[in-house]
Structures are given as structure tokens and as C-alpha cells.
Amino acid sequence: MIIVTRPGVTDAELDRIREHVEGLGLRTHLSRGERRTIIGCIGDESLLEEAALRILPGVEQVLPVLKPYKLASREFSAGPTVIRVGDGAGTRVGARELAVVAGPCSVENREMLRETARAVQAAGAGMLRGGAFKPRTSPYVFQGLKEEGLRLLREVRAETGLPTVSEVMDPRHVDLVAEHVDVLQVGARNMQNFTLLSELGRVQRPVLLKRGLSATIKELLMAAEYIMSQGNRDVILCERGIRTYETATRNTLDVAAIPVLKAETHLPVLVDPSHAGGRADLVAPLAFAAVAAGADGLIVEVHPCPEQALSDGDQSLTPAAFAELMRRLRPFAEAAGRTMAEVAALAGVAA
Amino acid sequence: MSAGREAETAAFAELERLRTAIEELDRRLVELIAERVRLAREVGVAKRAGGRPTLDPSREAAVVRRAGALAREAGLAEEDVRDIFWHLIGLSRRAQAQGARDERDA
């Protein structure tokens, strides 16, 4: 149930409405918008009587939420959610400016991470990605540098100021990863690992939640709801392609999921064009499509020498190709009503 | 000793002083929480003696409402303080439930 208050509602009125709802054993969630304040009610709604709520001072409307997800639903928030990432100035996801995350699939060593970070930053990326714990399909291939990788990410963040994104796979590692990086990523294969999701709900770090390979939009939003219900409201959704019968591409980017998600939820939506296509030559066109469809940003794999990458080399862009992508992305961003970070003239491009 | 070094030492001493003060405050906070739990347990005894149910959501809601209003007056983040109080209430609830079990088993 959602209670929409009238404009100019007082704190005392809000207190009384919330006390009424909480007195019935439910919890409330307050969302203050520019014009309206919304009180979301979570719990056994059969206990709430609409008529009794309507007569409370300050209440304008009482609306049932028919969706199975509450905290993640559009109705529950007075406006789109903008998530602050990183300490200090940091960066924002869900704002007018596109959020671009770039970096290697996995952290391999200090030099490659540093080189990639400098290059993507020069090209206009606002965040650095890098896997330390890698969920690989085969147990016999490179599994990531683990804690050492996290330390390198932290080092490079200190050098460049770029907030970092890294995957956490094991609920036991949540605190460790949260200590070293700014955004905790849940990989597609873990989207419905409910133990992990609950654990992430208890940390004070934004979570980047990737859509599962065969997950519906509703299932993705329910996974976000899991995290949010534990207290962490900073969830960033990520469309990364779903499995279809098509074999020419690694996955099929569900472009329609972007506007559907934007209509269903107040949470920001990023798109991963690297995993979606699985091929470097598809990254740019998929990125353009994503931004044109209303995505709040992108997460792109960039590697200084893709042919030597220890994982996912086929889909990684070179730093030069990434800079080119960012340059060509600008008109798409503008057409979609977005802005992009200003880049120092031709930075990172050899004169 | 250079002026810069002196300022650095003074800042470090100040940081240490503040940290010690916070540690002391935390110790008192934990004592207060323990005291709150003790009182809640006694409330549980009184409720059972009076034949009233242990769980009282409207009373809990009033406690949280009051804490939220106080937080607002103190210029604190109201939602965060409300969250803290829901946690404190959870502690009290468990203490009362444990008390009821102990009585039954005695």
C-alpha cells in the first residue's frame, strides 16, 4: 500500500500516519519528492483499512501496490533514484549525466590495471571495473587474483580517484569486498543467490545487480527487492543480455528491458554491451542502442591487450577503441536527453 | 621542530583525544542498551502478570515515532535513527520472548 500525502504535509502529520501504520505491525518507508511525499507500507497489508487511512490528516490518496515488488517499484518513490558512488565527490548513477564504468574483465596485475584505469578515465569513464573473484564456467581456468586483486583496485582508486566496481560471489566475502571497493557487483549467475542478496542488503555500499541469463524482468526486480528489504536501498540494475536460441551472439541484448525497467522501477539501469554480444565489434552498436533506449549508463570491458587477456578477451575493447566509442556515443546521449562527462581535449589519444 | 611538524603533532593528539572520547561514549551506549534490555525484560514480566500480550505493535510504533521526532529536533538523519530504534525494539522483543520461555520452563 502506498500513501500519497498532500503538498505541504507537516512532520507531525507524517509522524501520525506512520505511527498508525507501524502500530498495526507494518513498516513504513518515506520518500520525499520535490512536491509530494510518499509513504510506502511494507508488511501484511490485509491489516490496513483504506478508509481509516484516508481520514488521517495529511493523506491525499491511498493506493494499493499490485506488483510483487514494493521497495523497487516506481510507485514507492517520489522520483527516480540517484545513487552516489564512492567517497567525497565520487560519481552518481541515475542522474542526467551518463554513468560509464569501464575496465578489464579481471584484474591481472598492477601495471595492466593502472594502464587501463588511466586510459578509460582519459576517455571519460567515471568508474573502474575489475574482477577479483571470477565466476568461470570451467573450474580449470583462471579464477581471479581474489584478495590481491581487491588491493590493486584500491591502490588504483587512490591514484586515479575513480570509484571501483567488483564482483562478490560468496556471502562470506561481502565484508571483505565492501572494504576495498565502492560498488559490489552481483554477477548474472548469482542473481538468485538469495543468501548473497540478503547479505548485500546489510552493507552500506551500492550493489550492481546483473540480470540472470534466463531471468525475467520480474525476477530481476524481485532480486533487487531482496537486497532492499534488508535495508540497502542503493541497487543499480544491469541488463547484460539473455540466453536465446541465437548463436551468432553470445547473448541477446534485451533492449526492450531498458524502457520496461525504467517504467517499473525508480532504480537506475545500466547496460553491459560487452557480455551481451560477446564480441568487441558489437560493443559500440549495442552501447548506442542502450543509451538511445534510455539506459542510465554502461559497463564496458576494456583491456590494454585483449588478445592476451586471461578472460573474455574476445569482447574486450582496446583503450583506443573505447575512446572512439565514447566519442561516437555523445550524439546518442544528447538525443536521449543525457549529458556526458567533459573530456580533456583528445586526452589519451597520441598526437 | 618545524612549524609544519608541530601542527601535525597537535592534530594527531587532537585525533587521539576525540577517539578516546568516542570510545568512552560507545561504552556508555552499550551500557544503556543493556539497561534498556533489562527494563524491557521486566516489562515482559509485568505484562504476563497482568495477562496482557507480550507483543504490542502500537506501543512500538509510538516509541519509534518519538525517537524520530527527537532525532529531527537534534538535526540527525531521522530515518537512520528510526532504523536504530527498530533494531533496539527487536532486541527488547527477543529479551521478552526469552523471559517468557524461561518462566514457562522454570
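Our subject is the structure listed above.
So, here's what we can say about the structure.

The rules behind the values
- Residues numbered from 1 in each chain as written.
- Chains lettered and ligands numbered in written order.
- Predicted model: local features only at pLDDT ≥ 70, side-chain atom pairs only at ≥ 80, totals over all residues.
- Axes fitted to C-alpha atoms, helices over the stretch in contact; angles between N-to-C directions.
- Helix = DSSP H or I, 4+ residues; strand = E, 2+ residues; numbered from the N terminus.
- Parallel < 35°, antiparallel > 145°, perpendicular 65-115°, else oblique.
- Left-handed = near helix turned anticlockwise from the far one by under 90°.
- Contact = placed C-beta atoms within 7 Å.
- Nonpolar A, V, L, I, M, F, W, Y, C, P; charged D, E, K, R; others polar.
- Core = buried A, V, L, I, M, F, W, Y, C linked by C-beta atoms within 7 Å.
- Buried ≥ 20, exposed ≤ 12 C-beta atoms within 10 Å, placed from the backbone.
- Pairing = 2+ DSSP bridges.

Here we look at the packing of helix α3 (residues 110-122) of chain A against helix α4 (residues 147-160) of chain A
Axis angle and axis distance: for two packed helices, these are the angle between their axes and the distance between the axes, and together they describe the pair.
All names here are of chain A.
Part 1 of the argument: In contact at an axis separation of 10 Å, α3 and α4 are set at 40° when each is read in the N-to-C sense. As summarised for this structure, α3 and α4 are arranged oblique, according to the angle between their axes. Like other packed secondary-structure pairs, α3 and α4 cross with a definite hand, here right-handed. Residues Arg-110, Leu-113, Arg-114, Ala-117, Arg-118 and Gln-121 of α3 pack against Leu-152, Val-156, Glu-159 and Thr-160 of α4.
Part 2 of the argument: Of the residues assigned to the contact of α3 with α4, the class counts are 4 nonpolar, 2 polar and 4 charged.

Side note on the nonpolar core
All names here are of chain A.
Part 1 of the argument: Leu-209, Ala-224, Ile-236, Leu-237, Ala-287 and Phe-322 are the most contacted members of the largest nonpolar core, which has 96 residues in total.
Part 2 of the argument: No other element matches helix α7 (residues 217-229), which puts 7 residues into this core.
Part 3 of the argument: Setting aside residues up to four positions removed in sequence, Leu-209 forms contacts with Val-186, Met-191, Ala-223, Ala-224, Val-235, Ile-236, Leu-237 and Cys-238.

Some words on unusual backbone geometry
Part 1 of the argument: Positive phi outside glycine occurs at Lys-146 of chain A, with the angle close to 55°.
Part 2 of the argument: Relative to the helices and strands, Lys-146 of chain A resides in the loop between β8 (127-129) and α4.

A short note on the sheet that holds strand β2 (residues 27-32) of chain A
All names here are of chain A.
Part 1 of the argument: Pairing within the open sheet is antiparallel, and its 4 strands lie in the order β2-β3-β1-β4. The open sheet has two edge strands with one neighbour each: β2 and β4 (59-63). Geometrically, the sheet is characterised by an average inter-axis angle of 20° between neighbouring strands, direction not taken into account.
Part 2 of the argument: Sheet analysis places strand β1 (residues 2-5) next to β4, joined by 4 bridges and oriented antiparallel. Paired with Val-4 across the two strands is Gln-61, which belongs to β4.

Examining the interface of chain A and chain B
Part 1 of the argument: Facing the 10 residues of chain A at the interface are 11 residues of chain B.
Part 2 of the argument: The element contributing the most residues to the side of chain A that touches chain B is helix α1 (residues 11-22) of chain A, with 5 residues.

Description of the packing of helix α1 (residues 3-49) of chain B against helix α3 (residues 78-105) of chain B
Residue and element names in this part refer to chain B.
Part 1 of the argument: Between α1 and α3, the least distance of the axes is 8 Å, while the angle of their chain directions is 50°. With respect to each other, α1 and α3 are oriented oblique. At the point where α1 passes α3, the crossing takes the right-handed sense. Facing Ile-33, Arg-36, Val-37, Ala-40, Arg-41, Gly-44, Val-45 and Arg-48 of α1, the residues of α3 in contact are Leu-88, Leu-91, Ser-92, Ala-95, Gln-96, Gly-99, Ala-100 and Glu-103.

So, the sheet that holds strand β11 (residues 207-210) of chain A
Residues and elements named next belong to chain A.
Part 1 of the argument: Spatially, 8 strands are ordered β7-β8-β9-β10-β11-β12-β13-β14 in a closed barrel, and the strand pairing comes out parallel. Adjacent strand axes in the sheet meet at a mean angle of 25° when their direction is disregarded.
Part 2 of the argument: Relative to strand β12 (residues 235-239), β11 runs parallel, the two being bridged by 4 bridges. Across the sheet, Val-207 pairs through a bridge with Val-235, a residue of β12.
Part 3 of the argument: Against the sheet, α3 makes contact with β7 (99-103) and β8, and its axis sits at roughly 155° relative to β7, the strand it touches most.
Part 4 of the argument: Of the strands in this sheet, β11 and β12 are in contact with α7, which crosses β12 at around 160°.

Looking at helix α10 (residues 280-292) of chain A
Part 1 of the argument: The complete set of buried residues in α10 of chain A reads Val-283, Ala-284, Leu-286, Ala-287, Ala-290 and Val-291 of chain A.
Part 2 of the argument: Downstream of α10 of chain A by one or two residues, Gly-294 of chain A has phi in the positive range, about 110°.

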